[in-house]
Amino acid sequence: MSDDTPDSLIPYDSIVQEALRAVVGRVLGEIEQGGGDLPGAHHFYITFKTHAPGVSIPANLRERFPDEMTIVLQNKFWNLNVREDGFAVGLSFNQVPAELDIPYAAITQFVDPAVDFGLQFQATVADMAPAQTEHPDNDGSEQGGSEAVKGADDGSNVVTVDFGRKK
């Protein structure tokens, strides 16, 4: 048996990434169907590429977060509208309301720190590594804070899929 694995003619990595992003859509869809109320202590940190195709955010947020941004769905959000290809939501940043529209393909991370669950996705654009960004300061994110996200970085219940495609 050879150590060289042949390149697959089936795009398994893309198929798995798409399926895992569908988990995000299903979770958000259930929240939308439940009237927009998060059950128990659940809350979500959703990281996405701000310049990915289909992302619609205010210009000031795109300037502040030129590569990647993390939003928090916890206490103060409105107009959650979940579609097959993405979702829209209203949030406030420094008490300024904003409407965001985010395709699932732009999402790089989804974390629910209340139950120590997280998904990480490969960037959809080659050679785009996540850049450090400042905290978005969306209102209501104080509860749970960034400590909850740090707990998710220990690898517990975080699913990362990387098939190590040969170049």
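Right, let's walk through the structure included here. Note that this is a predicted model, so its numbers are computed, not measured.

**Structural notes on the sheet that holds strand 3 (residues 77-82)**
Next up, step 1: Strand order in the open sheet formed by 3 strands is 3-4-5, and the pairing between neighbours is antiparallel. The sheet is open, and its two borders are formed by strand 3 and strand 5 (96-103), each paired with just one other strand. Averaged over all pairs of adjacent strands, the angle between their axes in this sheet comes to 15°, without regard to strand direction.
Next up, step 2: Alignment of strand 4 (residues 86-93) against strand 5, held across 8 bridges, turns out to be antiparallel. Each bridged residue has a counterpart across the sheet, and for Ser 92 the counterpart in strand 5 is Pro 97.

**Considerations on a nonpolar patch on the surface**
Next up, step 1: Nonpolar side chains collect at one region of the surface, where Ile 10, Tyr 12 and Ile 15 lie side by side and expose about 300 Å² of accessible area between them.
Next up, step 2: Inspection of the secondary structure assignment puts Ile 10 in the segment before helix 1 (12-33).
Next up, step 3: By relative accessible area, Ile 10 is classed as partly exposed at 43%.

**What to know about the environment of Leu 100**
Next up, step 1: Mapped onto the fold, Leu 100 is located in strand 5.
Next up, step 2: According to the relative accessible area criterion, Leu 100 is buried, its value standing at 2%.
Next up, step 3: C-alpha separation for the pair Leu 100 and Leu 80, spaced 20 residues apart in sequence, amounts to 9.7 Å.
Next up, step 4: Other than its neighbours up to four places away in sequence, Leu 100 contacts Phe 48, Ser 56, Ile 57, Ile 71, Phe 87, Ala 88, Val 89, Leu 91 and Phe 93.

Cut-off values and rules
- Residue numbers restart at each chain and count upward from 1, following the sequence in its written direction.
- Two thresholds apply to this predicted model, a pLDDT of at least 70 for residue-level local features and 80 or more for giving and counting side-chain atom pairs, whereas whole-chain, interface and lining totals are computed over all residues.
- Hydrogens and water molecules were not included; the side-chain quantities draw on all heavy atoms of the structure.
- When DSSP locates at least two bridges between a pair of strands, those strands are taken to pair.
- Helix and strand assignments follow DSSP, with helices taken as H or I runs no shorter than four residues and strands as E runs no shorter than two, numbered in order from the N terminus.
- As a rule, the C-alpha atoms of each element are fitted with a line to give its axis, helices using only the stretch in contact, and angles between N-to-C directions run from 0 to 180 degrees.
- Here the term patch refers to residues with relative accessible area over 30% and no salt bridge, with like charges joined within 9 Å and nonpolar side chains (Val, Leu, Ile, Met, Phe, Trp, Tyr) within 5 Å.
- Accessible areas in this description were obtained via Shrake-Rupley with a 1.4 Å probe; residue shielding takes into account the shown protein chains only.
- Salt-bridge detection follows one rule: a side-chain nitrogen of Lys or Arg within 4 Å of a carboxyl oxygen of Asp or Glu.
- Exposure is judged per residue with a 1.4 Å probe applied to protein chains only, and the accessible area is read against the type maximum: over 50% gives exposed, under 20% gives buried, and values in between give partly exposed.
- What makes two residues a contact is simply this: any of their non-hydrogen atoms within 4.5 Å.

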